[in-house]
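# Coordinate inspection notes
As a plain string of letters, each chain reads:
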Amino acid sequence: MTNQITSLDWEKTNGLIPVVIQDEQTLEVLMLGYMNAEALAKTQAEGKVTFFSRSKNRLWTKGEESGNFLFVKSIAADCDNDTLLIKASPVGPTCHNGTRSCFNTPYNQNFIFELENIIKDRFENPTAESYVNKLRQKGLNKIAQKVGEEGVETVIAALNETDEDFINEASDLVFHLLVLLKAKGKTLGDIALNLEKRH
């Protein structure tokens with residue numbers, strides 16, 4: 001936590017500070033809520049986002065009924081010390097309507113990160129019907145081979161086939177690359193850091 005968190009301007013906001021919740025991996029804005037000092041202290045102590053519910057007039061931990069908790073990864077105050085940004089790892093959908101975000105965004109622009117988590121889950125909780133699990137059981141060589149095959153098919157589609165074919169093959173390539181990254185114990189974050197350093 002930064003020093004700003006201890007010097008918030010509660011008086012300016014009549015004791016309630018707006019809190020923007022952002023997915024720590026995809027950076028998608030998930031919801032907006034409000035905290036009083038007690039809610040912030042509980043959030044910091046327990047590592048789960050707790051708001052002050054204006055409708056219930058009490059502290060409310062997100063997920064206390066649904067189990068869809070927001071686990072805190074970082075908290076930052078804005079430059080005026082009257083708004084918080086919490087990056088969190090969501091469990092299940094954030095919105096009470098069952099959607100990943102309370103904002104009606106038309107599609108998940110960051111699904112690739114969600115897919116990385118799905119692949120991670122398939123590695124950690126394998127099931128017989130999972131394609132990822134079947135591929136994993138064949139070993140690293142087979143996974144790497146699939147990336148090579150999909151790379152060649154992507155090149156062929158780019159040069160000789162329709163845009164739809166190209167998108168399909170490129171999607172297969174990215175999917176299998178994600179599986180290979182997981183098999184090697186690496187993440188998209190590792191790739192992003194390396195690309196940033198090289199830039």
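The following refers to the structure shown. (Residues numbered from 1 in each chain as written. Predicted model: local features only at pLDDT ≥ 70, side-chain atom pairs only at ≥ 80, totals over all residues. Heavy atoms only, no water.)

### What to know about the overall build of the chain
A tally of regular secondary structure across the chain gives six helices and six strands. In the chain, the succession of helices and strands from N to C terminus is β-β-α-β-β-β-β-α-α-α-α-α. Taken over C-alpha atoms, the radius of gyration comes to 21 Å for the chain, far larger than the 16 Å a tight globule of 199 residues would show. The 199 residues of the chain split such that 31% are buried. Across the chain, contacts joining residues at least 24 apart in sequence account for 49% of those joining residues at least 6 apart. Surface summary for the chain: the accessible area is close to 12,200 Å², and the carbon and sulfur share equals 53%. (Helix = DSSP H or I, 4+ residues; strand = E, 2+ residues; numbered from the N terminus. Rg over C-alpha atoms; globule rule 2.2 N^0.38 Å. Buried < 20%, exposed > 50% of the residue type's maximum accessible area, 1.4 Å probe, protein only. Contact = heavy atoms within 4.5 Å. Areas by Shrake-Rupley, 256 points an atom, 1.4 Å probe, with all protein chains shown as cover.)

### Observations regarding unusual backbone geometry
Despite not being glycine, Leu 27 shows a phi value in the positive range, around 70°. By the element assignment, Leu 27 lies in the loop between strand E1 (17-23) and strand E2 (29-35). In this structure, Asn 57 takes a positive phi of about 55° despite not being glycine. Locating Asn 57 in the fold gives a position in the loop between strand E3 (50-53) and strand E4 (58-61).

### Topic: the pairing of E4
Sheet topology places E3 next to E4; four bridges connect them, and they run antiparallel. Bridge pairing in E4 links Thr 50 to Thr 61. Hairpin connection between E3 and E4: a loop of four residues separates the two successive antiparallel strands, and Asn 57 in this loop has a positive phi of roughly 55°. (Pairing = 2+ DSSP bridges.)

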